[in-house]
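Take a look at the letters that make up each chain.
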Amino acid sequence: ITGGALFVPFVETDIWTNSKILGMAKAHAQEMGKLSQLFLQNVRDVDQVLNWDDGDQEPLRIMLTNCTTVDGFKMIHSVHKTNREGTITLLYYKEFEKEINNVFQDIQEILERQLSDDSKVLLACEGATIVVTGRQNQVNSSEVSKEYASYADMILEAMNPQGGDAEEEEEIIQSPPRKKKQTQ
């Protein structure tokens, strides 16, 4: 919920009651509802430690996460790698969309002004400039993602019947295929 990691089990235990587990899911959904995403392409390594002109040494991920408005409000919720090499996604607070769109159009230039010369070459992929790319959409969803979404629909439909008889026949839901391990 805060951008860090929190383990929440799926099964009730003596410490984790069902109401607590469901409450965390609701809190997560509420927080995610406040967020939108932006993709940056041609990022060399979001976790590479960089030298900043103010003397700080921190990776791009931390620098981006600490972006604030001119009034000091935190704009970025979290920064994540994607399955595309050199592309990251930023989850940002929707209320700051105008500021995000203004700032991130020139993100490479803004970052380079704050980096030491030796770190400037570590910012973007070789010969490229960091640019804002399109937002993820359903058209680009993978087949596996579509299968899991369909599976989720079946589970939710079975859990929340809409006006059906209580004596209806129980639908058997089959698990989606497991992802194959890739060998190199």
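Look above for the structure.
Residues numbered from 1 in each chain as written. Predicted model: local features only at pLDDT ≥ 70, side-chain atom pairs only at ≥ 80, totals over all residues. Heavy atoms only, no water.

Student: Tell me about the sheet that holds strand E4 (residues 76–81), residues and numbers included.
Tutor: The strand order across the open sheet formed by four strands is E4-E5-E1-E6, and the pairing between neighbours is antiparallel. Two strands lie at the open edges of the sheet, namely E4 and strand E6 (131–133), each paired on one side alone. Shown here is a sheet whose adjacent strand axes are inclined to one another by a mean of 30°, direction ignored. For E4 and strand E5 (residues 87–93), the ladder comprises five bridges, and the chain directions are antiparallel. Pairing of Ser78 across the sheet is with Leu91, part of E5. Against the sheet, helix H1 (residues 18–33) engages strand E1 (35–41), E4 and E5, with an angle of about 60° to E1. (Pairing = 2+ DSSP bridges. Helix = DSSP H or I, 4+ residues; strand = E, 2+ residues; numbered from the N terminus. Axes fitted to C-alpha atoms, helices over the stretch in contact; angles between N-to-C directions. Contact = heavy atoms within 4.5 Å.)

Student: Got a sec to walk through the pattern of salt bridges? Specific residues and values, please.
Tutor: Summed over the entire model, instances satisfying the criterion amount to five salt bridges. We note a salt bridge from Glu109 to Arg113, for which the minimum N-O separation is 3.0 Å. Of this pair, Glu109 and Arg113 both sit in helix H4 (residues 107–114), four residues apart, roughly one helical turn. Each of Asp47, Arg61 and Lys81 takes part in a single network of salt bridges with overlapping partners. (Salt bridge = Lys/Arg side-chain N within 4 Å of Asp/Glu carboxyl O.)

Student: Describe the environment of Thr69, naming the residues involved and giving the relevant values.
Tutor: Looking at the element boundaries, Thr69 is found in the loop between helix H2 (60–65) and E4. Look at Thr69 and you get buried, because its relative accessible area is 9%. Taking the C-alpha atoms as reference, Thr69 lies 8.9 Å from Ile100; in sequence the two are 31 residues apart. When residues no more than four places from it in sequence are discounted, the contact partners of Thr69 are Met75, Phe96 and Glu99. (Buried < 20%, exposed > 50% of the residue type's maximum accessible area, 1.4 Å probe, protein only.)

Student: Quick one: what's the story with the environment of Thr133, residue by residue and with numbers?
Tutor: Among the structural elements, Thr133 can be located in strand E6. As a C-alpha pair, Thr133 and Leu38 span 95 residues in sequence and 7.5 Å in three-dimensional space.

Student: If you had to explain the nonpolar core to someone new, which residues and values would you point to?
Tutor: Membership of the largest hydrophobic core comes to 28 residues, with the highest contact counts inside it found for Leu40, Leu60, Leu64, Ile76, Ile88, Leu90 and Phe104. When residues of this core are traced back to their parent elements, those giving at least two are E1, H2, E4, E5, helix H3 (97–104) and H4. Counting residues per element, this core draws most heavily on E5, which supplies five residues. For Ile88, the contacting residues outside a window of four places in its chain are Leu38, Phe39, Leu40, Val43, Val46, Leu64, Val79, His80, Lys81 and Thr82. (Core = buried A, V, L, I, M, F, W, Y, C linked by side-chain atoms within 4.5 Å.)

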